Amino acid sequence: MKAIRRFTVRPVLPEPLRPLSELARNLRWSWHPETRELFQSVDPEGWRAAGEDPVRLLGSVSAARLAALAEDRRFVRSLTACADDLADYLGGRRWYQEQPEGLPRAIAYFSPEFGITAALPQYSGGLGILAGDHLKSASDLGVPLIGVGLLYRHGYFRQSLSRDGWQQEHYPVLDPNELPLALLREADGEPARISLHLPGGRALHAVVWIARVGRVPLLMLDSDVEENGPGERDVTDRLYGGGSEHRLLQEMLLGIGGVRAVRAYCRITGHPAPEVFHTNEGHAGFLGLERIRELAGEGLEFDAALESVRAGTVFTTHTPVPAGIDRFDRELVAHHLGDDGELPGVEVSKILQLGMETYPGGEPNLFNMAVMGLRLAQRANGVSTLHGEVSREMFAGLWPGFDPSEVPITSITNGVHAPTWVAPEVFRLGARQIGAGRAEDALSVGGSARWDAVADIPDTEIWELRRELREQLVLEVRERLHASWRTRGAGTAELGWVDGVLDPDILTIGFARRVPSYKRLTLMLRDRDRLMELLLHPTRPVQIVVAGKAHPADDSGKRLVQELVRFADDPRVRHRIVFLPDYGMAMAKKLYPGCDVWLNNPLRPLEACGTSGMKAALNGCLNLSVLDGWWDEWFEPDFGWAIPTADGSATDEDRRDQLESAALYDLIEDRVAPRFYDRGAGGLPGRWIEMVRETLTSLGPKVLAGRMVREYVERLYAPAAHAHRDLDPDTARELAAWKARVRAAWPQVAVDHVEAVAATAPNGHAELGSTLALRVRAGLGGLQPDDVEVQAVAGRVDAADTLAEARTVALKPAGGPDLEGRWVYEGPLALDRTGPYGYTVRVLPAHRLLADGAGGTDIGLVALPTEATGEGAGVLMR
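Residues numbered from 1 in each chain as written. Predicted model: local features only at pLDDT ≥ 70, side-chain atom pairs only at ≥ 80, totals over all residues. Heavy atoms only, no water.

## Quick look at the overall build of the protein
Scanning the protein from terminus to terminus reveals 29 helices and 27 strands. Taking 29 Å as the expected radius of gyration for a compact globule of 878 residues, we find that the protein reaches 30 Å, a close match to that expectation. By its C-alpha atoms, the protein is 95 × 70 × 50 Å across when sized along the principal axes. Per-residue burial over the protein gives 57% buried out of 878 residues. Across the protein, every contact between residues at least 6 apart in sequence was considered, and the portion connecting residues at least 24 apart equals 73%. (Helix = DSSP H or I, 4+ residues; strand = E, 2+ residues; numbered from the N terminus. Rg over C-alpha atoms; globule rule 2.2 N^0.38 Å. Buried < 20%, exposed > 50% of the residue type's maximum accessible area, 1.4 Å probe, protein only. Contact = heavy atoms within 4.5 Å.)

Encoded structure:
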């Protein structure tokens, strides 16, 4: 018989053990070693059986065991110490509180997924893990963040394999009452309710669960409530599931409902209202529309409300390919956001304009969530230097007339939360060198350019640590592989070979990530004979651990998984290469530290950042990667290897994979394996250990999420807060009216004539150090000089006369307008470079409230010379 309902009967904690409940309900335990050790000591076997989840552990421990612990003075002392440490952590001053005044009082951080811990499975991959690390680092730094997401009752799928290696998905039901969550409740004890209007008089209701991520509250909206009909209850059923309308409703609940959840949370708890809203990917973009609706309700017109909202909004894009962006049919959006749906008082035509692809190559009938996110945010960024460049190219159509280098998308390179991802053994080694307190600060706050104390660790200790971690991984792999084969239908009698899988003394390569085609899971299989030779080399063998999930709807990704699994099933190599199903945070915590080399071979430049290699590096694992994402930015031969790319336009896909796989095999065979097995005095691989040391010394401080969050605070959150404060309703109206006036006049703004006088040598070449006197006549279409800035743009030129390494020089008006209403601008241009050189001029809008002052990119307008302007408009000096 099956139960019709399930629930957990929790034991009543004895008075001395009451702090256990608070410790279990704050997710800081997931990255605080002492608290984890405390829970493990409650019941070591139960801790493992509970998946290292304190809430589940306390739900299963016996009353007798709790009574015994209450009498155990050593345990109670440890409990008191952990509880006091948490109280100090939650209430003490941290990095943010030591900064100068003026930082935002609160920031709301919206994301469709959050990877905090395996005990709260609300993530699918890198975006969610990054969001979780952002919250944890904000907590460590004392940044007043409020996280906002959805609670998916099925989470993301669990993965297993069929007998023939085909991925199978399972969706276990999650009970919020068995998770480290608490309901947001009104003063009368009733759950706070969030509601959205749907077409046809329907409504979408949700409750709000709170996860405590250290100091940061994470609000998670849940539509599985009795007031909803069956369709509405399923809106938050699973992550990245369902069709277009299902996804649209999820994103409306996340963005619109998320803002309402933040307002309810601040009203109930007294938390300061956010001054800055951070949209992590386009999925949450509707938050800007809800904030416009709020301001419209206060009497602010749409255009003025848009300016106010933009000023305080930050948008982060994580995808380098258009296919990775959510796009909806405009009629579907209009149906849900029109008069019969949500956002009353906001014209649906204006909403649609924000998301339409109104640029060359765009599809005007599609509503693009990233495009809306960029138009609703005054500040935007990619997640690595290379990804910033790719994003500026990708979205350049939104800023016609500007070079991609001027598109206002900056970059902040991702980081990882070191206290989560550094193995306890690695932390203890560092603590022995500089003390536990300094080691903890180095990992969580950062700030150092290098970790030079690593130089004092003896080679023998580094090598013994690496072998210990590798051995732990071997045992973990064998256990998981045995369980996987049992699920695939194998009997115990046929699994004796699993006990010989992997060897703790063999060079171990790791590869684990999602399985879209561009990450090229099976590139290593391109030449199977060559791979087999590497795996079975008589003196320098290699072993490989692979893991990853394909999206449930991605059959091509599933075929890649099956191809890899079938190769790994071959009895000739199955002791040297394994595929582990159900990749997640719990597996990753063993995988990153236990590997010697972390492999990454995406199609360049499609890896926006790729943080798995960062987590590996923090544990002394060396990276072997294509120069993409963060590795393109920070690679040095002293601590890893770069896989050459064959990305020329004349190289077809098959040829490219052939060349890059051959380069990968060559690197492993000729450089990686020899360095690992080249033993010197005492049997130690001295050169390998030196690379491990340099990885920790040089890369360690760079890859920290603490560094990343500090950059967000200083470069994006603080300026956004100041811009938000500057735009009170009257000022917002002033800016909106100015923009409307400028847009109306801009078709008549023109560069009419350009004159240039330069000292030239007899052969006609300009001389280095001379000055070009520029005189520009421009029509301003009724605008005044205060409304614009006239610039000279100068720099090197290529064979096609395209400017590069350009710099701008502001020209000044010389007197008033002429009889035709034209204005003359003048200024000197110093010729400070040799070689092919050129310049042009342009007119940009300018206003004190624009993010970039002379704000052509902010408003998207620029006037350039035409061919009729005069030959001086683009004088070239060679």
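Next comes the rest of the write-up.
## Observations concerning the nonpolar core
Formed by 103 residues in total, the largest nonpolar core has its most connected members in Leu 507, Met 524, Ile 544, Leu 624, Trp 641 and Trp 688. Considering each element in turn, this core owes the most residues, 9 residues, to helix H19 (residues 459-487). Aside from chain neighbours lying at most four places away, what touches Leu 624 is Val 597, Trp 598, Leu 599, Asn 600, Trp 641, Ile 643, Leu 664, Leu 667 and Ile 668. Formed by 65 residues, the second largest nonpolar core is a distinct cluster that contains Leu 221, Phe 277, Phe 367 and Ala 732. (Core = buried A, V, L, I, M, F, W, Y, C linked by side-chain atoms within 4.5 Å.)

## Digging into helix H18 (residues 436-444)
For an α-helix the count is 3.6 residues per turn, leaving residues at separations of three or four pointing the same way. Within H18 the residues assigned to the buried category are Ala 439, Leu 443 and Ser 444. Projected down its long axis, H18 shows its buried positions confined to an angular sector of 120°, all on one face. Of the surrounding secondary structure, the elements contacted by the buried residues of H18 are helix H7 (126-141), helix H16 (418-421), helix H17 (424-434) and helix H27 (705-726). Following H18 by one or two positions, Gly 446 has its phi on the positive side, about 70°. (Arc of directions from axis to C-beta.)

## Concerning the packing of aromatic side chains
For the coordinates displayed, the defined rule picks out 19 aromatic pairs. Ring geometry for Phe 110 and Phe 277: centres 6.2 Å apart, planes at 40°, overall tilted. Taken together, the positions of Phe 110 in strand E1 (residues 107-110) and Phe 277 in strand E9 (residues 276-280) put the pair 167 residues apart, joining distant regions of the chain. In this structure Phe 110 comes out as buried when scored by relative accessible area, which is 0%. Cation over ring: Arg 238 sits above Tyr 171, and NZ or CZ is 3.7 Å from the ring centre. (Phe/Tyr/Trp six-rings, centres within 6.5 Å; stacked < 30°, edge-to-face > 60°. Lys NZ or Arg CZ within 6 Å of the ring centre and 35° of its normal.)

## Section: the environment of Phe 75
Among the secondary structure elements, Phe 75 is positioned in helix H6 (residues 73-91). A relative accessible area of 6% places Phe 75 in the buried class. Once the C-alpha coordinates of Phe 75 and Leu 38 are considered, the two residues, 37 residues apart in sequence, prove to be 7.8 Å apart. Leaving out residues up to four positions away in the same chain, Phe 75 has contacts with Leu 17, Leu 20, Leu 38, Ser 41, Val 42 and Leu 69.

## Quick word on the sheet that holds strand E15 (residues 507-512)
Strand order in the open sheet formed by 6 strands is E17-E16-E15-E18-E19-E20, and the pairing between neighbours is parallel. Either end of the sheet is taken by a strand with one partner, and the two such strands are strand E17 (577-580) and strand E20 (640-643). Taken pair by pair, the neighbouring strands of this sheet meet at an average axis angle of 20°, ignoring direction. Pairing analysis gives 6 bridges linking E15 to strand E16 (residues 542-547), with the strands arranged parallel. Paired with Leu 507 across the two strands is Val 542, which belongs to E16. Lying over the sheet, helix H20 (residues 528-535) contacts E16 and E17, oriented at roughly 115° with respect to E16. (Pairing = 2+ DSSP bridges. Axes fitted to C-alpha atoms, helices over the stretch in contact; angles between N-to-C directions.)

## Points about the side chain of Thr 611
Tracing the backbone through its elements, the reader meets Thr 611 in the loop between strand E18 (597-600) and helix H23 (612-617). Those residues in contact with Thr 611 that lie beyond four places of it in its chain are Asn 414 and Val 416.

## Description of helix H28 (residues 729-745)
For H28, with 17 residues, the first-to-last C-alpha span of 24 Å sits near the 24 Å given by 1.5 Å per residue. All buried positions along H28 are accounted for by Thr 731, Ala 732, Leu 735, Ala 736, Trp 738, Lys 739, Val 742 and Ala 745. (Expected span 1.5 Å × (residues − 1).)

## Thoughts on the environment of Glu 633
Within the secondary structure layout, Glu 633 lies in helix H24 (residues 629-634). On the basis of relative accessibility, which here comes to 27%, the residue Glu 633 falls in the partly exposed class. Residues Glu 633 and Gln 543, spaced 90 residues apart in sequence, show a C-alpha to C-alpha distance of 28 Å. Glu 633 has contacts with Ser 384, Thr 385 and Thr 413, leaving out every residue within four places of it along the chain. In terms of polar contacts, Glu 633 uses its side chain to reach the backbone amide nitrogen of Thr 385, at 3.0 Å. At 2.8 Å, the side chain of Glu 633 forms a polar contact with the side chain of Thr 413. (Polar contact = N/O pair within 3.5 Å; in protein donor to acceptor, adjacent residues only side chain to side chain.)

## Regarding the pattern of salt bridges
For the coordinates displayed, the defined rule picks out 61 salt bridges. The salt bridge partner of Asp 787 is Arg 741, with a shortest N-O separation of 3.1 Å. A residue pair is termed long-range when its members are at least 10 positions apart, and Asp 787 in the loop between strand E22 (771-780) and strand E23 (788-797) and Arg 741 in helix H28 qualify at 46 residues. Asp 787 gets classed as buried once you look at its relative accessible area, which sits at 7%. One connected set of salt bridges, linked through shared partners, spans Arg 153, Asp 222, Asp 224 and Arg 233. (Salt bridge = Lys/Arg side-chain N within 4 Å of Asp/Glu carboxyl O.)

Honestly, it's all geometry; don't read function into it.
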